[in-house]
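Okay, here's what each chain looks like letter by letter:
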Amino acid sequence: AEREVVVGVYQNAPKITADADGQPSGILGDLLGEIARSQQWQLKPVQCDWAYCLQLLQAGEIDLLPDVAYTEQRALQLDFHETPALYSWSQLYTAPGVSLNSIEQLAGKTVLVLQDSVQQHYLQRWSTESGIAVQLSTVRSMPEAFALLSAGQAEVVAANHYFGQAQRNKYNLTQSNVIFQPSRLFYATKKGYNQDLLTVIETRLAQWQSNASSPYYQVLQRWGTNTPQRQVPQYVWLILAMLSSLLLLALAGAWWLKRQVSDKTRHLQVSEDRLNTILNSVDAHIYIKDIKGRYQYVNRKVAQLFGCEPAEAVGRRDDAFFDAASSANIQQNDQKVLQLGERLVEEEYNTSLDGEQSHTFLSVKLPLRDNRGHIYALCGISTDITELKQHQQEIHQLAFYDVLTGLPNRRMVLERLKHAVEFKQRQTDSAQGALLFIDLDHFKDLNDSLGHAMGDQLLQQVAQRLQTHLRKVDTLARLGGDEFVVLLTDLHPDIELSSQKASLIGEKIVQLLAEPFELQERPYTISASVGVAMFSDGCNSDELLQRADLAMYDAKDRGRNGVRFFNQQMQADVSSRADIVNGLRLALAQQQFVLHFQPQLQRDAGVVGAEVLIRWQHPTEGMIAPAHFIPVAESSGQIQAIGRWVLQQSCHQLAEWARWPETANWYLAVNISARQLHSSGFVAEVSKVLQDSGARPQCLVLEITESQLLQDIDSVIAKMQQLTALGVRFSLDDFGTGYSSLSYLKRLPLRQLKIDRSFVRDILTDPNDKAIIKTILALGQSLELAVIAEGVETDDQYQKLLQLGCQQFQGYYFGKPESLDVFMKNCK
Ligand SMILES: Nc1nc2c(ncn2[C@@H]2O[C@H](COP(=O)(O)O[C@H]3[C@@H](O)[C@H](n4cnc5c(=O)[nH]c(N)nc54)O[C@@H]3COP(=O)(O)O)[C@@H](O)[C@H]2O)c(=O)[nH]1
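About the cut-offs
Residues numbered from 1 in each chain as written. Predicted model: local features only at pLDDT ≥ 70, side-chain atom pairs only at ≥ 80, totals over all residues. Heavy atoms only, no water. Helix = DSSP H or I, 4+ residues; strand = E, 2+ residues; numbered from the N terminus. Buried < 20%, exposed > 50% of the residue type's maximum accessible area, 1.4 Å probe, protein only. Contact = heavy atoms within 4.5 Å. Areas by Shrake-Rupley, 256 points an atom, 1.4 Å probe, with all protein chains shown as cover. Pairing = 2+ DSSP bridges. Axes fitted to C-alpha atoms, helices over the stretch in contact; angles between N-to-C directions. Disulfide = S-S within 2.5 Å. Phe/Tyr/Trp six-rings, centres within 6.5 Å; stacked < 30°, edge-to-face > 60°. 1 Å grid on protein atoms, 1.4 Å probe; cavity = no way out; pocket = protein on both sides within 12 Å on 5 of 7 lines; lining within 4 Å. Points joined across faces, edges and corners; volume = space filled by probe spheres on them. Parallel < 35°, antiparallel > 145°, perpendicular 65-115°, else oblique. Nonpolar A, V, L, I, M, F, W, Y, C, P; charged D, E, K, R; others polar. Salt bridge = Lys/Arg side-chain N within 4 Å of Asp/Glu carboxyl O. Near = heavy atom within 4 Å. Polar contact = N/O pair within 3.5 Å; in protein donor to acceptor, adjacent residues only side chain to side chain. Left-handed = near helix turned anticlockwise from the far one by under 90°. Right-handed = clockwise from strand over helix to strand, strands pointing away. Core = buried A, V, L, I, M, F, W, Y, C linked by side-chain atoms within 4.5 Å.

Going by the annotation in an unreviewed UniProt entry, the name recorded for the protein chain is EAL domain-containing protein, with Rheinheimera maricola given as the source organism.

Listed below in structure tokens is the structure:
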């Protein structure tokens, strides 16, 4: 496409003028025309006088202005090429009758100068420095100046000698001997603009001036000037002649300098080779690009990347090597460096032209400036950080994602939760958030039965199913094991509405996970418990997670396969539980436990034994009933040590009673917890306690509950059989309240069934309870088991039980659990 070049044209023949069509003419105009033809530029002339032309150039309204003498002051605002287009000087011309032999004779004279011209600036400075007052009168064009001079309006004109020569003849003026300010004339552009024009002009001038038959000399000839130095006045030649005598000296100096230059050149070559060796052996991509983005230098590493020789890359742009998006991005970065003139450090992701290779580079780019401070190129050093990025990505993946499911892991979701909670605390009216804690029910059973590989498969399927049904904005994460969480952050700001939504999502999750999965090509059904905690004031992310966890446990406690919201009671329960766990640690060591004894009676025989019931004599809370701490001791595992202590104390008491005839046959019923019963060392422990205490095994009754028999029944039966073989007896507590299965009842080596006190309580009023008691009594008879009724509080209850055939009793009616002393006293 043609390049349109807006050129300022003013009247200053023979250097610059406009032809009949308004096109630039004169030496510099024609020369520009020649260059424009060779470059396919379309010149668009703007007619202006010199001062206005200069203003238009500085304002950027014209691209190029010919015939501009280089001064340092102008170089602040304009750009010039290097090779002068013409050499010139200034001269003073006088009106007829005015004689001027030296510059000092300007004192008191009116001198016409072109506004903003080099002559004006020179004479102003000279006047100031010499202290000789000169009246400078500015004009906007040189023809105007000469017209005024010839009209007698001024005495002297200061003009460029090219123009002055022509005007002198026209107006019959005198050319003075005063010449000053040799100058070099250029085409100029606004600073920082149209550098491409200057580059072309420079190239052409340099080429043409070294060739005598070039358009340059043809133009000079056309305008009556063979060389830029022609038409020098006679005395200049004289001066030159004088100077020529110095030429010999200069030649000698030049010869010496040439030797210096050739030495330096040799050294430079050595340095350049050394530099190239270094640049080609470093592991970085090093390159220089000109302001048009063309590579001027590439080291071997860049050439390898481009798949060519270094020299082949020179002159080509990035779009020759990279795809469109990459080269556009590179160009954008390059432009920042070239326009702002600042160092830039950026990561660049570049894809090769064929799209097959992509690399990430850390690129450092800096502008290169010439000695006048103009940016002419940029230098880039790019390090390939592709592998580093991949490693970073892998590390990030490992650090923030779960390997099995690919979901965000605990760390990531906790970070997101933290940000979400903090954001909500800052923006209280923003969207509400909720955390859903999901735990698969009985997942351990799957692992135990089908193995861990199947367990992993199920977890992957769970993750996938939840992921597909949740919205993109929700974060699903795996905390570990079979625990997942869902973070909801864009719920309705209204707490009621957002809670409803969270509840719906929780229910949906429960339903989704209740649908069968496929494991080993068979359907596998599982359920999940979900706990929900809503974002609330002052609750941080850790607390929120804890709340959702508690709510999930509550869902489990309430039968699993459901959703529960956190409430404050859950928190209170947890705190109190923590207090109990801590207190129990000390209680044993500090002997804070005491045993109470509640009598058990045989019809017609009176007291035949007692149930041993533990109490916690707390130093500050007073006497604490077992219902408060036994369940906690069970879940924390502390029950094993406590149970052992109760067993030891009970056996010592039995051994003590054995010494006296009236108590020698009394037995003690000791409550055994599930953990104790299921522990592998239980049989050995009981045997050892019996042995150590010397108690008779026949006087020890171990009370177990139906619920303890649900799990691992065969192993429990084996233990009971071993202890029965020693003489120990077993009583089945709370009978009738659990899932009594007659089939296993037959297999258990039991001696006694204990009717739960809930049936005894309403025996007089509820016919169902009475029927149940009758059934239990009949069952005991047929299985040859003793039956004891507990919770007997009144004589009426006692009479009723007697009437139904019950033989053994326990309850407040006969005596409450009391300390040993009180118990013994009551029994007398
Ligand atoms: N593993 C262990 N568990 C123990 C031990 N000591 C007690 N416990 C368990 O605590 C439960 C509660 O015991 P406690 O508060 O002592 O209550 C017992 C009696 O006080 C109460 N009882 C007895 N007669 C009556 C009555 O007429 N009315 C009435 N309202 N309550 C009465 O029943 C509890 C005894 O029940 P049980 O054990 O089922 O016979 C207790 O149930 C034990 O499980 C221990 O050392 N280890």
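On we go.
Student: Is there a simple way to explain the overall build of the protein chain in this structure?
Tutor: From N to C terminus, the protein chain includes 29 helices and 32 strands. Put simply, the protein chain has 828 residues, and 47% of those count as buried. Counting contacts in the protein chain only where the partners sit at least 6 residues apart, residues at least 24 apart contribute 65% of the total. Approximately 42,300 Å² of the protein chain is accessible, and the part contributed by carbon and sulfur atoms is 50%.

Student: What should I look at first to understand the sheet that holds strand β22 (residues 528-534) in this one?
Tutor: Hydrogen bonds along the backbone pair up the strands of a sheet, which may run parallel or antiparallel. The five strands lie next to each other as β18-β19-β17-β22-β23, forming an open sheet whose pairing is mixed. Where the open sheet ends on each side, the last strands, each with one partner, are β18 (475-480) and β23 (563-565). Within this sheet the neighbouring strands show an average axis-to-axis angle of 20 degrees, counted without direction. Bridge count between β18 and strand β19 (residues 483-491): five bridges; the pairing is antiparallel. In the sheet register, L476 faces β19, and the bridge partner there is V486.

Student: I would appreciate a short explanation of the state of the cysteines in the present structure.
Tutor: Covalent bonding between the sulfur atoms of two cysteines defines a disulfide. Under the definition given, this model contains one disulfide. Disulfide pairing is shown between C48 and C53; the S-S distance is 1.8 Å. Between C48 and C53, the disulfide has an S-S torsion of 80 degrees and is therefore right-handed. C53 matches C48 in its accessibility class, with the two residues each being buried.

Student: Can you help me understand the packing of aromatic side chains in this one?
Tutor: Aromatic rings in a pair are described by how distant their centres are and how their planes are angled relative to each other. One pass over the structure, following the stated rule, counts 27 aromatic pairs. Summarising the aromatic geometry, the rings of Y813 and F814 are spaced 5.0 Å apart at their centres and angled 75 degrees between planes, so their arrangement reads as edge-to-face. Accessibility expressed as a relative area gives 35% for Y813, which makes it partly exposed. When its relative accessible area of 24% is taken as the criterion, F814 is described as partly exposed.

Student: Please explain empty space enclosed by the protein as it appears in this structure.
Tutor: Scanning the model with the defined rule gives three cavities of 30 Å³ or more in all. If you add up the space inside the largest cavity, you get close to 160 Å³. Forming the boundary of the largest cavity are 18 residues, of which N12, K15, D67, V118 and Q119 lie nearest the centre. Counting only elements with at least two residues in the lining of the largest cavity, the list comes to β5 (65-69), α4 (118-130), β10 (156-160) and β11 (174-190). For the lining of the largest cavity, the element with the most residues is β5, which contributes three residues.

Student: How should I be thinking about unusual backbone geometry in this particular structure?
Tutor: One can expect most non-glycine residues to show negative phi and most peptide bonds to be in trans. Note the cis peptide between A13 and P14, where omega equals 5 degrees. Within the secondary structure, P14 sits in the loop between β1 (3-9) and β2 (17-18). Even without being glycine, Q591 reaches a positive phi, approximately 55 degrees. As for its placement among the helices and strands, Q591 is situated in the loop between α19 (568-589) and β24 (593-602). The class for Q591 is exposed, based on a relative accessible area of 69%.

Student: Please clarify how the packing of helix α7 (residues 195-209) against helix α8 (residues 215-222) should be interpreted in this entry.
Tutor: Each pair of packed helices can be described by the angle between their axes along with the distance between the axes. Where α7 contacts α8, the axes come no closer than 7 Å and their chain directions differ by 80 degrees. Regarding the angle of α7 to α8, the classification is roughly perpendicular. From α7, L205, W208 and Q209 reach across to α8, where they touch P215, Y216 and Y217. Of the residues assigned to the contact of α7 with α8, the class counts are five nonpolar, one polar and no charged.

Student: How should the sheet that holds strand β13 (residues 295-298) be read in this particular structure?
Tutor: Strand order in the open sheet formed by five strands is β13-β12-β16-β15-β14, and the pairing between neighbours is antiparallel. Lying at the two open borders of the sheet, with one neighbouring strand each, are β13 and β14 (344-351). Geometrically, the sheet is characterised by an average inter-axis angle of 30 degrees between neighbouring strands, direction not taken into account. Inspection of the sheet shows strand β15 (residues 358-369) paired to strand β16 (residues 375-384) by nine bridges, in the antiparallel sense. Paired with L362 across the strands is T383, a residue of β16.

Student: Just to check I follow, could you spell out the pattern of salt bridges for this structure?
Tutor: Between side chains of opposite charge, a pair can form as their charged atoms come close. Per the stated rule, a full pass over the model turns up 33 salt bridges. A salt bridge links D402 to R478; its shortest N-O distance comes to 3.0 Å. Linking D402 in the loop between α13 (386-400) and α14 (410-426) with R478 in strand β18, this pair joins segments that are 76 residues apart in sequence. Pair check on accessibility: D402 and R478 agree, each one buried. Residue R558 pairs with D554 through a salt bridge whose shortest N-O separation is 2.9 Å. Shared partners join several salt bridges into a network, and the residues in it are K289, D318, D334, E348 and K365.

Student: Explain the side chain of Q120 to me, please; I cannot follow it from the model alone.
Tutor: Within the fold, Q120 resides in helix α4. For Q120, a relative accessible area of 11% corresponds to the buried category. Not counting residues within four places of it along the chain, the set of residues in contact with Q120 comprises V113, L114, Q115, L136 and T138.

Student: Mind showing me how you'd approach the site of the ligand here?
Tutor: With respect to spatial proximity, 21 residues lie near the ligand, and among them E611, K754, R757, E790 and E793 are the closest. Contact between the ligand and D734: an oxygen atom at 3.3 Å from a side-chain N or O atom of the residue. Within the side chain of K754, one N or O atom sits 2.8 Å away from an oxygen atom of the ligand. Relative to its unbound accessible area of 830 Å², the ligand is 83% covered by the protein chains. When residues of the shell around the ligand are traced back to their parent elements, those giving at least two are β25 (606-618) and β29 (729-735). Top element by residues in the shell around the ligand is β25. It accounts for four residues. Within the shell around the ligand, the residues separate by chemical class into seven nonpolar, five polar and nine charged.

Student: Could you clarify how one ought to interpret the packing of helix α23 (residues 682-693) against helix α24 (residues 713-726) in this entry?
Tutor: Put simply, α23 and α24 touch, their axes get as near as 9 Å, and they point 20 degrees apart. With respect to α24, the element α23 is oriented roughly parallel. The hand of the α23/α24 crossing is right-handed. Within the contact between the two elements, α23 uses F682, V683, V686 and S687 and α24 uses K719, Q722, L723 and L726. A breakdown of the residues in the contact of α23 with α24 according to their chemical character gives five nonpolar, two polar and one charged.

Student: Before we go on, may I ask you to explain the pairing of strand β31 (residues 786-789) in this structure?
Tutor: Looking along a regular strand, one sees side chains alternate from face to face of the sheet. One ladder, built from four bridges, connects strand β30 (residues 752-755) with β31; its direction is parallel. Each residue of the ladder has a partner; that of L753, found in β31, is V787. With two bridges connecting them, β31 and strand β32 (residues 808-810) associate as parallel partners. Opposite A789, over in β32, you have F809 as the bridge partner. Viewed along the sheet, the connection from β31 through helix α28 (residues 795-804) into β32 turns out right-handed.

Student: Help me understand the nonpolar core in this model?
Tutor: L700, L702 and L753 are the most contacted members of the largest nonpolar core, which has 76 residues in total. Among the elements that make up this core, the one with the highest residue count is helix α21 (residues 639-657) (eight residues). Apart from the residues within four sequence positions on either side, L753 is in contact with L732, F735, L745, I776, L779, G780, L785, A786, V787 and I788. Residues Y524, V532, M534 and V563 belong to the second largest nonpolar core, which totals 34 residues.

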